[in-house]
Amino acid sequence: MKRKPSSHCLLCNKIIDEIDGKRIVAQKTLRTYISETYRGGGNPDFPELSIKIDDTIYIVLGGKKGMWSDELIQKVTDIYANHTHPWFCQKCAYKTCHICGEIINNPIGSDVIYDDGCISHVAALGYNPGCVNASCENYKKWGGE
C-alpha cells in the first residue's frame, strides 16, 4: 500500500523545506518498513527490530544499536497508524558532505519517498554527487531530479 510521507523527519522533527534535500525511508544502516515477516537481529551494530501491529503485520526498524527508544517506537507506530510513511532527512541519515557537513546533491545508496508516496532507489554507482554548499570545495551544481 502506497503511503504519503509523514510531515516531519522522524529524528529531528524538521519539515523537508527546512532542510532541503530528499526524504530517506531506507538505506543499509537506517530504515523503517512494513512487513508480513518478523525480522530481528542481523548486523549486531545495526540490528533489525520488529514491532507486531496485528496478527500478520510488523513494523520493522533498522538502525544503530540502541537508537530505538520507546518514545521513538511509539512515534513510528503512530505515523504508520496514520497511513503515512516515516522518513529521515539527509542530515539525520548522514547523507552529508564529508568536507563541510551540508547535504549532498543525491543521497546515494538510499530509498527516497516523494510527495505522492512513490519510493525510488538512488543507486550507489561509485560517483561523488557533490555538495549543495557553493562555498565548499566539494560543491557541484546539480540539475538532476
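Above this text you will find the structure in question.
Residues numbered from 1 in each chain as written. Predicted model: local features only at pLDDT ≥ 70, side-chain atom pairs only at ≥ 80, totals over all residues. Heavy atoms only, no water.

I'm lost on the overall build of the chain in this one. Help?
From N to C terminus, the chain includes two helices and eight strands. Helices and strands in the chain line up, N terminus first, as β-α-β-β-β-β-α-β-β-β. Its C-alpha atoms give the chain a radius of gyration of 16 Å, near enough to 15 Å, the size a compact globule of 145 residues would have. C-alpha extents for the chain along the principal axes are approximately 50 × 35 × 25 Å. Out of the 145 residues belonging to the chain, those deemed buried represent 41%. Considering only intrachain contacts with a sequence separation of at least 6, the fraction spanning at least 24 residues in the chain is 55%. Positive and negative side-chain charges in the chain, numbering 17 and 17 respectively, have mean positions lying 4 Å apart. (Helix = DSSP H or I, 4+ residues; strand = E, 2+ residues; numbered from the N terminus. Rg over C-alpha atoms; globule rule 2.2 N^0.38 Å. Buried < 20%, exposed > 50% of the residue type's maximum accessible area, 1.4 Å probe, protein only. Contact = heavy atoms within 4.5 Å. Lys, Arg positive; Asp, Glu negative; His and termini not counted. Charge placed at Lys NZ, Arg CZ, Asp CG, Glu CD.)

Honestly, helix 2 (residues 70–81) in this entry has me stumped. Any pointers?
The periodicity of an α-helix, 3.6 residues per turn, causes residues three or four places apart in sequence to face the same way. Here helix 2 contains twelve residues, and its C-alpha end-to-end distance of 16 Å stays within 8% of the 16 Å for a straight helix at 1.5 Å per residue. For helix 2, every residue scored as buried is listed here: L72, I73, V76, I79 and Y80. Across the axial projection of helix 2, the buried residues extend over an arc of 125°, all falling on one side. For helix 2, exposure combined with an orientation more than 90 degrees from the buried face picks out D70, E71 and A81. Contacts made by the buried residues of helix 2 are with strand 3 (30–35), strand 4 (48–52), strand 5 (58–62) and strand 6 (84–85). (Expected span 1.5 Å × (residues − 1). Arc of directions from axis to C-beta.)

Honestly, the packing of aromatic side chains in this entry has me stumped. Any pointers?
In this description, a pair of aromatic rings is defined by centroid distance and the angle of the planes. Scanning the entire structure with this criterion turns up one aromatic pair. Here the aromatic rings of Y38 and Y58 are separated by 5.7 Å at their centres, their planes lie at 80°, and the arrangement is edge-to-face. In this pair, Y38 sits in the loop between strand 3 and strand 4 while Y58 sits in strand 5, placing the two residues 20 residues apart along the sequence. Residue class for Y38 comes out exposed when judged on its relative accessible area of 52%. Of the residues examined, Y58 reaches a relative accessible area of 15% and is grouped as buried. A cation sits over an aromatic face here: R23 above W87, 5.6 Å from the ring centre. (Phe/Tyr/Trp six-rings, centres within 6.5 Å; stacked < 30°, edge-to-face > 60°. Lys NZ or Arg CZ within 6 Å of the ring centre and 35° of its normal.)

Hey, could you run me through a nonpolar patch on the surface in this one?
There is a patch of nonpolar side chains on the surface, built from L125, Y127 and W142 and spanning about 320 Å² of accessible area. Here L125 is to be found in the segment after strand 8 (119–122). (Patch = residues over 30% accessible without salt bridge, like charges linked within 9 Å, V, L, I, M, F, W, Y side chains within 5 Å. Areas by Shrake-Rupley, 256 points an atom, 1.4 Å probe, with all protein chains shown as cover. Salt bridge = Lys/Arg side-chain N within 4 Å of Asp/Glu carboxyl O.)

Would you mind going over the environment of P5 with me for this structure?
Following the sequence through the fold, P5 ends up in strand 1 (residues 4–5). Spatially, the C-alpha atom of P5 lies 21 Å from that of E36, the residues being 31 residues apart in sequence. When neighbours within four sequence positions are excluded, P5 is seen to be in contact with R23, T84, H85, W87, I113, Y114, D115 and G117.

Which parts of the structure should I look at to understand the layout of surface pockets?
Empty space among the atoms becomes visible once a probe the size of a water molecule is rolled across them. Reported here for the second largest pocket is a volume of approximately 160 Å³. Classifying every residue of the lining of the second largest pocket gives seven nonpolar, two polar and one charged. (1 Å grid on protein atoms, 1.4 Å probe; cavity = no way out; pocket = protein on both sides within 12 Å on 5 of 7 lines; lining within 4 Å. Points joined across faces, edges and corners; volume = space filled by probe spheres on them. Nonpolar A, V, L, I, M, F, W, Y, C, P; charged D, E, K, R; others polar.)

I keep staring at the sheet that holds strand 7 (residues 110–113) and nothing clicks. Help me out?
Backbone hydrogen bonds hold the strands of a sheet together, and the pairing may be parallel or antiparallel. Spatially, six strands are ordered 4-5-3-2-7-8 in an open sheet, and the strand pairing comes out antiparallel. Looking at which strands have only one partner, the edges of the open sheet turn out to be strand 4 and strand 8. Direction aside, the axes of adjacent strands within the sheet are offset by 35° on average. Pairing analysis gives two bridges linking strand 2 (residues 23–27) to strand 3, with the strands arranged antiparallel. (Pairing = 2+ DSSP bridges. Axes fitted to C-alpha atoms, helices over the stretch in contact; angles between N-to-C directions.)

How do you make sense of unusual backbone geometry when you look at a structure like this?
Glycine aside, the phi torsion of most residues is negative, and most peptide linkages are trans. Within the chain, H83 stands out as a residue other than glycine whose phi angle is a positive 60°. For H83, the location among the structural elements is in the loop between helix 2 and strand 6. With phi around 60°, Y94 is a residue other than glycine that occupies positive phi space. Residue placement: Y94 occurs in the loop between strand 6 and strand 7. Given the relative accessible area of 70%, Y94 is considered exposed.

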